[in-house]
Amino acid sequence: MLPFALTRPKCPLAMTKPLIFAVPKGRILDEALPVMASAGIVPAAEFHDKKNRALSFATEDSDMRIIRVRAFDVATFVAHGAAQVGIVGSDVVEEFNYPDLYAPVDLDIGHCRLSVAEPVDAANGQGSHTSHLRVATKYPNLTRRYFEGQGIQAECVKLNGAMELAPTLGLAGRIVDLVSTGRTLKENGLVETAEILRISARLIVNRAALKTDDRVGALVDAFRAACRTGDDA
Amino acid sequence: MTDPTRDLLPEGLEDWLPSEAAAVTRINRAVTDVMDSHGYDRVRPPLIEFEKSMAGRMDGVQPRRMFRFVDPSSLRTLALRSDITVQVGRIAATSLAGAPRPLRLCYGGQVLTIKGDGLDPTRERLQLGAELIGSDSVAAASEIVTIAIEALASAGARNISVDFTLPDLVDTLAKGPFPLDADQIETVRRELDAKDAGALKAGGGGAYLPLLYATGPFADAIEQLAAIDAGGVLAKRIEGLRQIAERISGKARITLDPTERHGFEYQSWFGFTLYAEGVRGALGRGGTYRILGLDEPATGFSLYPDALVDNDRCDTDARDILFLPLGHDVDVAARLRVIGWRTVAALSEGDDAKVLGCTHVLNGKEPMRL
């Protein structure tokens, strides 16, 4: 209904495409499902079928699709606009620091922290008069930023798991990793020496999608309402 | 032995082949015509300038994002332009300082950044825009937003959406009802921009939380913003937004996001971002600002319409092309070109009209469909 009518023929464009909701595999998902349910998003039955190898699922009562991907990929899908909405830990949001991501709702689930840990004996010994460190981590950006803030240049060794092995095997002097109970650290002879970030799960949305698609805004409101209990915001 | 990497283009740069180049030419012309029809005179600043003059005209311009090098003749640092707006600001403050105000100027050209923006690796883009120098009033802002929408529509954008913002909101509130320490301002701005309620509270910006909810379709969001407006420091801005929204109602969908600051480095009280259906990111933005040195208010917009090319390409079916065989009547061919025919002349017997993509062939004085 624009007054500046176009004379050229229009291309066929799928009008209302279904929204894509990205959820992370693992840790956060179990806690996220009840929150999603109270915001009105219930995945179809095959989502819970462990043998089902599908990656994309329908939802009940809407044409929204749910995709289940790795936590880091949730942020990537949403930042690129391939998915419009997602749930992911604030660790991932901060690590990528994508300008095209909004994290409008703190879901108050999936709590843990991102911490520095080092071998028990090393932690007691040397002081902090160093200008260079080698750190094994899944979060090179956050790690570099944190140590830069302390005037230390951190050389990050990017690992995708089993960070705790790095100090004993001499790969890196310390690690930066997620900690919830601290048991894994203890069992591997490590001790938490500093907390970098407190983490909880966030609803994330694509910037352009929020501004151009009313359904995204409605979804944000639904999640805000679902999280209102126990939140003073 | 061929080296496949020899002709590799650097990251974020690409060739535009005929169909894309034709589309972008059409877009360029459509936007330029709209700006021209509203009385904006075109200026053409150079590609390269002294870094100092590029960086000094507006607050918040980052020379770090520009390609820079030393000028062999003056030994000063040069920069490749990353935003033509600052060059127009320089022209307005120097050569055209004496021209009557309000001064309406427009421009178009390629701009280059040293790195892509976030996820988008593109380093070279077409920038088209208009600047209204001498005013940052509601009337000026309304004119600029209206022309920006009209220009985008003429370039083929569909279902245009405009997002309003108040770029100096945090500064205004921090000076007044919601005081912040100097070191908190940056955190609060950043977390408001990311709409991260959790981190905002943790960063000491709890008072700013309600701003996150004054976001969305304009009619509702502006009511919410008005309800938050502490001590009336925003009353004038809110009234301005309402007037601008009224002016463009029906021409675009309007949303409000008072805390958006993505891409608003130097804007003052008013800013806007343009989106369109089927285009992933923003197509352009604009707002009010001050030209430093002259300390003159101005309002303007910039469009980056490259993203429309994909939409446009499927709009244009192959055009008719008339094949001119060897020994054709050159006067007939010239006349046909005047009435709009596009011709391809044979250079040798071996030229095949079909292979060359022609749709018609000149038979005596008449084009014949192949």
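Cut-offs and rules
- Residues numbered from 1 in each chain as written.
- Chains lettered and ligands numbered in written order.
- Predicted model: local features only at pLDDT ≥ 70, side-chain atom pairs only at ≥ 80, totals over all residues.
- Heavy atoms only, no water.
- Helix = DSSP H or I, 4+ residues; strand = E, 2+ residues; numbered from the N terminus.
- Buried < 20%, exposed > 50% of the residue type's maximum accessible area, 1.4 Å probe, protein only.
- Contact = heavy atoms within 4.5 Å.
- Lys, Arg positive; Asp, Glu negative; His and termini not counted.
- Charge placed at Lys NZ, Arg CZ, Asp CG, Glu CD.
- Core = buried A, V, L, I, M, F, W, Y, C linked by side-chain atoms within 4.5 Å.
- Axes fitted to C-alpha atoms, helices over the stretch in contact; angles between N-to-C directions.
- Parallel < 35°, antiparallel > 145°, perpendicular 65-115°, else oblique.
- Left-handed = near helix turned anticlockwise from the far one by under 90°.
- Arc of directions from axis to C-beta.

Novice: Looking at this structure, how should I read the overall build of chain B?
Specialist: If you tally the helices and strands in chain B, you get 12 helices and 16 strands. In terms of its C-alpha atoms, chain B occupies a principal-axis envelope of roughly 80 × 55 × 50 Å. In chain B, buried positions account for 50% of the 370 residues. Summarising the internal contacts of chain B: among those between residues at least 6 apart in sequence, 66% fall at separations of at least 24. Distance between charge centroids for chain B: 2 Å, based on 42 positive and 53 negative side chains.

Novice: Before we go on, may I ask you to explain the nonpolar core in this structure?
Specialist: For soluble globular proteins, the rule of thumb is that nonpolar side chains tend to be buried together. Within the largest apolar cluster, 70 residues are counted, with the highest numbers of intra-cluster contacts made by F164, Y208 and F272 of chain B. The biggest single contributor to this core is helix 4 (residues 138-154) of chain B, with 10 residues. Grouped together as the second largest cluster of nonpolar side chains are 32 residues, I20, A75, V116 and F147 of chain A included.

Novice: Just checking my understanding: could you explain the packing of helix 1 (residues 18-37) of chain B against helix 4 of chain B for this structure?
Specialist: Between two packed helices, what matters for the description is the angle formed by their axes and the separation of those axes. Residues and elements named next belong to chain B. Axis separation between helix 1 and helix 4 bottoms out at 8 Å; the angle between their running directions is 150°. Put simply, helix 1 runs roughly antiparallel to helix 4. The interaxial crossing formed by helix 1 with helix 4 has right-handed handedness. On the side of helix 1, the interface is formed by A30, V31 and V34, while helix 4 contributes I147, E150, A151 and S154.

Novice: Would you take a moment to explain unusual backbone geometry for this structure?
Specialist: In this structure, P102 of chain B follows R101 of chain B across a cis peptide bond, with omega equal to -5°. Among the structural elements, P102 of chain B can be located in the loop between helix 3 (84-93) and strand 5 (103-112). The phi torsion at N97 of chain A lies on the positive side, around 55°, for a residue other than glycine. By the element assignment, N97 of chain A lies in the loop between helix 3 (90-96) and strand 5 (101-106). Phi angles above zero are rare outside glycine, and K195 of chain B is one such case at about 55°. Of note, K195 of chain B is situated in the loop between helix 6 (182-193) and helix 7 (197-202).

Novice: Mind showing me how you'd approach helix 2 (residues 71-79) of chain A here?
Specialist: Residues and elements named next belong to chain A. Turning to helix 2, its buried residues number three or more, namely F72, V74, A75, V78 and A79. Buried residues of helix 2, seen end-on, are gathered within an arc of 155° and therefore sit on one face of the element. Turning to helix 2, the residues buried within the fold contact strand 1 (20-24), strand 3 (62-69), strand 4 (85-89), helix 3, strand 5 and strand 11 (201-206). One or two residues past the end of helix 2 sits G81, with phi positive at roughly 80°.

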